[in-house]
Amino acid sequence: MLRLSPFLAQKWHLQILRSCRKWSSKVPGPSPDLPDYKTSVDVHEHKLSRPVAKSSQQKATKRWDGLHGLKERTKDSLIPVTLKEMEESEGFQITAKELQEMGHAKLTRDDRKKRQRALDNIGVPDFLEYWRIKVAEKQLKSPTDTFCKTEITTLQVNVGLYCNQACNHCHVESSPKRQEMMSQKVAKQCIRLLANSPHVTLLDLTGGAPELCSEFRYLATEGRALARDVIVRTNLTSLLEPGQEDMAQFFASLGLNVVASLPCYSAKNVNLQRGKGVFDKSIQALLTLNELGYGKPESGLKLDLVYNPL
């Protein structure tokens, strides 16, 4: 193992910082649509701040009230609150206007172009160029020497874009306003595909909020009947929507693996990212799942929490 003296380690560190600064100074200036890639590498110089609340009511929601009265606070649907926040959000208004003017397909293409320009500006090669570089470096003779197809073991199904939340980080712009949802015909075709693919051992159901799709129960039931493991990617709050009162029990009865989104352990951060009241409902849904055995040793019911940084 190579060991450096403190003097050499410090010297190398300074050289790396100078190189980073030199590289940063050569980066083209940012366009209005792109982030600033000339940020200093001196991390200690940067101070992060959160968006300032627009009203005293928003400030009041940042402090969590705790478990006392939680069930009473979470009995109503989240959808009206989400729709109201969307109407008041400048970001959502801009997106809605672009969707109306451009359409979803054109907006998606435009977003891809912006991302590609961002990668071009920092010198990241496209996939084919990168592959050719690696082939030349390793002196490979054919593509099969570089890439080998492996057996497919997971079928991930996006059942729709309808959701009771409208999260800032959602890459498919799901919300209560999105009505796109999988049809029964397509759902049956997915199950036929699964039945004829013995090497696929996992059915992964995602959304939107997958539980709010009319074909969700059919897909989950048939997937388990075919002896496949089934994952449901839930936002937790959808379990508390009217008409979903037995959904958590449905999860447990089939032994579905629950992958639940909870961006942070604090109410302040969760509500900032996902909307007012989301933290309360998430905790109540987790308590319900816990009562059914999720998250408990030897229950056989798997519960994973995942997060999206602010």
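Residues numbered from 1 in each chain as written. Predicted model: local features only at pLDDT ≥ 70, side-chain atom pairs only at ≥ 80, totals over all residues. Heavy atoms only, no water.

**Q** Describe helix α12 (residues 278-291), with residues and values.
**A** Given a rise of 1.5 Å per residue, 14 residues ought to cover 20 Å, and the 20 Å separating the end C-alpha atoms of α12 matches this to within 8%. Counting buried positions along α12 yields 10 of 14 residues, so the element is predominantly enclosed. Those residues of α12 that fall on the buried side of the exposure criterion are V278, F279, D280, K281, S282, I283, Q284, A285, L286 and L289. On its buried face, α12 sits against α3 (70-73), α10 (247-254), β4 (257-261), α11 (267-274) and β5 (303-306). One or two residues past the end of α12 sits G293, with phi positive at roughly 115°. (Helix = DSSP H or I, 4+ residues; strand = E, 2+ residues; numbered from the N terminus. Expected span 1.5 Å × (residues − 1). Buried < 20%, exposed > 50% of the residue type's maximum accessible area, 1.4 Å probe, protein only. Contact = heavy atoms within 4.5 Å.)

**Q** Which residues make up the packing of aromatic side chains, and what values do they have?
**A** Any aromatic ring pair is given by two values, namely how distant the centres are and how the planes are angled relative to each other. Tallied over the entire structure, the rule returns 2 aromatic pairs. Sitting over the face of the ring of F250, R217 holds its NZ or CZ atom 5.1 Å from the ring centroid. (Phe/Tyr/Trp six-rings, centres within 6.5 Å; stacked < 30°, edge-to-face > 60°. Lys NZ or Arg CZ within 6 Å of the ring centre and 35° of its normal.)

**Q** Can you explain the sheet that holds strand β3 (residues 229-234)? Please cite residues and give values.
**A** In sheet architecture, strand pairing relies on hydrogen bonds along the backbone and comes in two forms, parallel and antiparallel. Spatial strand order, β1-β2-β3-β4-β5: 5 strands in an open sheet with parallel pairing. Both outer strands of the open sheet, β1 (154-158) and β5, are each paired with one neighbouring strand and no more. Across the sheet, the mean angle separating the axes of adjacent strands is 20° when strand polarity is ignored. (Pairing = 2+ DSSP bridges. Axes fitted to C-alpha atoms, helices over the stretch in contact; angles between N-to-C directions.)

**Q** Give me the lowdown on the packing of helix α5 (residues 90-102) against helix α6 (residues 104-121), citing residues and values where you can.
**A** Working note: a packed helix pair is described by the angle between its axes plus the distance between those axes. It is the contact of α5 with α6, at a shortest axis distance of 7 Å, that shows an interaxial angle of 115°. One finds that α5 runs roughly perpendicular with respect to α6. Taken together, the residues of α6 that come into contact with α5 (itself represented by E98, L99 and M102) are H104, K106, L107 and D110. (Parallel < 35°, antiparallel > 145°, perpendicular 65-115°, else oblique.)

**Q** Which residues make up a positive patch on the surface, and what values go with them?
**A** A cluster of basic side chains, namely K106, R109, R112, K113 and R117, defines a positive patch on the protein surface. Mapped onto the elements, R117 comes out in helix α6. (Patch = residues over 30% accessible without salt bridge, like charges linked within 9 Å, V, L, I, M, F, W, Y side chains within 5 Å. Areas by Shrake-Rupley, 256 points an atom, 1.4 Å probe, with all protein chains shown as cover. Salt bridge = Lys/Arg side-chain N within 4 Å of Asp/Glu carboxyl O. Lys, Arg positive; Asp, Glu negative; His and termini not counted. Charge placed at Lys NZ, Arg CZ, Asp CG, Glu CD.)

**Q** Account for the pairing of β4, naming residues and giving values.
**A** Most of β4 is tucked away, with 5 of its 5 residues classed as buried. The two faces of β4 match: N257, V259 and S261 on one face and V258 and A260 on the other face are all buried. As a crossover connection, the stretch from β3 through α10 into β4 is right-handed. Taken together, the 4 bridges between β4 and β5 define a ladder with parallel strand orientation. (Right-handed = clockwise from strand over helix to strand, strands pointing away.)

Functional significance is not addressed by these values, which are geometric in nature.
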